[in-house]
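Chain and residue survey
The primary structure of each chain is shown beneath.
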Amino acid sequence: MFEFFTNIHVDWMGKRKIFSALSIAILLAGLLSAVGRQFTDGGTDAFNLGVDFQGGTVVTAKFKQKPSTDDIRASLQNVGVTEAIIQDSTDKTDEVLVKVPNLGQREDCVDENSQPMPEAGRCVVKKALDTFGTEAVGATQLPDDATASYKIVGTDAVGPVAGEQLRNQAVLATLLGLLGILLFIAFRYDWTYAAGAVIAVFHDVLITLAFFSMFQWEISLTVLAALLTLVGFSVNDSIVIFDRIRENLSLHRGDSLYKLTNDSINQTMSRTIVTNGLVLLSVAALVLFGGEVLRGFSLALFVGSITGTYSTIAIASPIAIWWQNKLGEAKMKEVLAPQETGEKLASTSRRTVTRRPVTR
């Protein structure tokens, strides 16, 4: 395998307090953002939940002369909608996304049989947009209709019950995924390694959600898919390092676990840079050219892939060693850390390890 780094000797474990402080700072920023937004009068919710989880209607409208966000908001207030979220499309400058909560039935919104529509969201938004001109109806494209000012090019609607069910199922799927990872690593390695890997994965998901809260990026089902992908991506990196630690434990029984962990991270650094770098380049392309539909998915993967690489080095291994030090007292002993640090660090009883094939 091509290697960027050969014979490196970085003391990653010696920097674990700096890494931990950085993670705590980002998590606190995300927590303050979520709590501040949720409990501030007139503020936004902690997270910008999409219609998949919150329920409501999202209307995508294309304009010939796009009005300002304030003008669209004023027109919506004139038809009785005061909680609309208006977003400019990031890749199409002439389009606007208008998200409104579930409005139910309205007397002035009827179908072709003069029956009230079950959900009046699209109808009400259309009435608001009609203040800027007429809509290009049917299959007529906006540039082909000289009299039209806009055209509704997309509508997504989710009921409140479906939104709540999707939200609950999303949380359950994530927790079950983490439980499965915990059991798998505990079976393959040890509970101490499983705890380190799962806490690192929790760390990655929480850091990603912190960014979504701070920047109010919309959380949809595609973001959930990205988070589950991130879980698998992050734990795979951790397993590679854990496997190298286990291998070095058998080969260098006289070395401290501190040194073995540093050596294992350094020995796998080229593999980490190559594989994770390629993933990051692919995800960056999605962020730049993926369009509005994949925006949340690509942003979650972009933040998560960086965080997952970082946590593999800075979070998973230190937690595994700390856990071994706390819980494995009968099988471990205290040894002095390298003279330059003067810290006491855990070692291991070097018990016999049953080798099992592990995917690299």
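For the structure, check the block above.
Here goes a summary of the coordinates provided. (Residues numbered from 1 in each chain as written. Predicted model: local features only at pLDDT ≥ 70, side-chain atom pairs only at ≥ 80, totals over all residues. Heavy atoms only, no water.)

Turning to the pattern of salt bridges, a few remarks are in order. Going through the model one piece at a time under the given rule, you end up with 10 salt bridges. Here Glu218 and Lys99 are joined by a salt bridge, their closest N and O atoms 3.7 Å apart. Taken together, the residues span a long stretch of sequence, with Glu218 in strand 7 (residues 218-219) and Lys99 in strand 4 (residues 95-100) at a distance of 119 residues. The residue Asp263 makes a salt bridge to Lys259 at a minimum N-O spacing of 2.8 Å. Within this pair, Asp263 and its partner Lys259 are both found in helix 8 (residues 257-267), separated by 4 residues, close to a single helical turn. Salt bridges sharing common partners tie together Lys62, Asp94 and Glu95. (Salt bridge = Lys/Arg side-chain N within 4 Å of Asp/Glu carboxyl O. Helix = DSSP H or I, 4+ residues; strand = E, 2+ residues; numbered from the N terminus.)

By size, the foremost hydrophobic cluster in this structure holds 34 residues, and its most contacted members are Ile185, Tyr193, Phe242 and Ile245. Mapped onto this core, the elements with two or more residues apiece are helix 5 (160-188), helix 6 (191-215), helix 7 (221-251), helix 8 and helix 10 (295-327). When residues no more than four places from it in sequence are discounted, the contact partners of Phe242 are Tyr189, Tyr193, Ala197, Ala316, Ser317 and Ala320. Within the second largest apolar cluster, 20 residues are counted, among which are Phe63, Ile72, Cys123 and Ala128. (Core = buried A, V, L, I, M, F, W, Y, C linked by side-chain atoms within 4.5 Å. Buried < 20%, exposed > 50% of the residue type's maximum accessible area, 1.4 Å probe, protein only. Contact = heavy atoms within 4.5 Å.)

Turning to the environment of Leu286, a few remarks are in order. Looking at the element boundaries, Leu286 is found in helix 9 (residues 269-289). Here Leu286 falls in the partly exposed class, since its relative accessible area comes to 27%. Along the backbone, Leu286 and Phe297 are 11 residues apart, and their C-alpha atoms lie at a distance of 8.8 Å. Ignoring sequence-local partners within four residues, the contact set of Leu286 consists of Gly291, Leu294, Phe297 and Ser298.

Okay, the sheet that holds strand 3 (residues 85-88) next. Strand order in the open sheet formed by 5 strands is 3-4-2-6-5, with mixed pairing between adjacent strands. Whereas interior strands pair on both sides, the edge strands pair on one side only; in this sheet they are strand 3 and strand 5 (134-135). Here strand 2 (residues 56-63) runs beside strand 4; their pairing, made up of 6 bridges, is antiparallel. Across the sheet, the residue bridging to Ala61 is Val96, located in strand 4. Across the sheet, helix 3 (residues 69-78) lies against strand 3 and strand 4, angled at about 150° from strand 3, the strand it touches most. Of the strands in this sheet, strand 2, strand 4, strand 5 and strand 6 (148-158) touch helix 4 (residues 121-129), which is tilted by about 35° from strand 2. (Pairing = 2+ DSSP bridges. Axes fitted to C-alpha atoms, helices over the stretch in contact; angles between N-to-C directions.)

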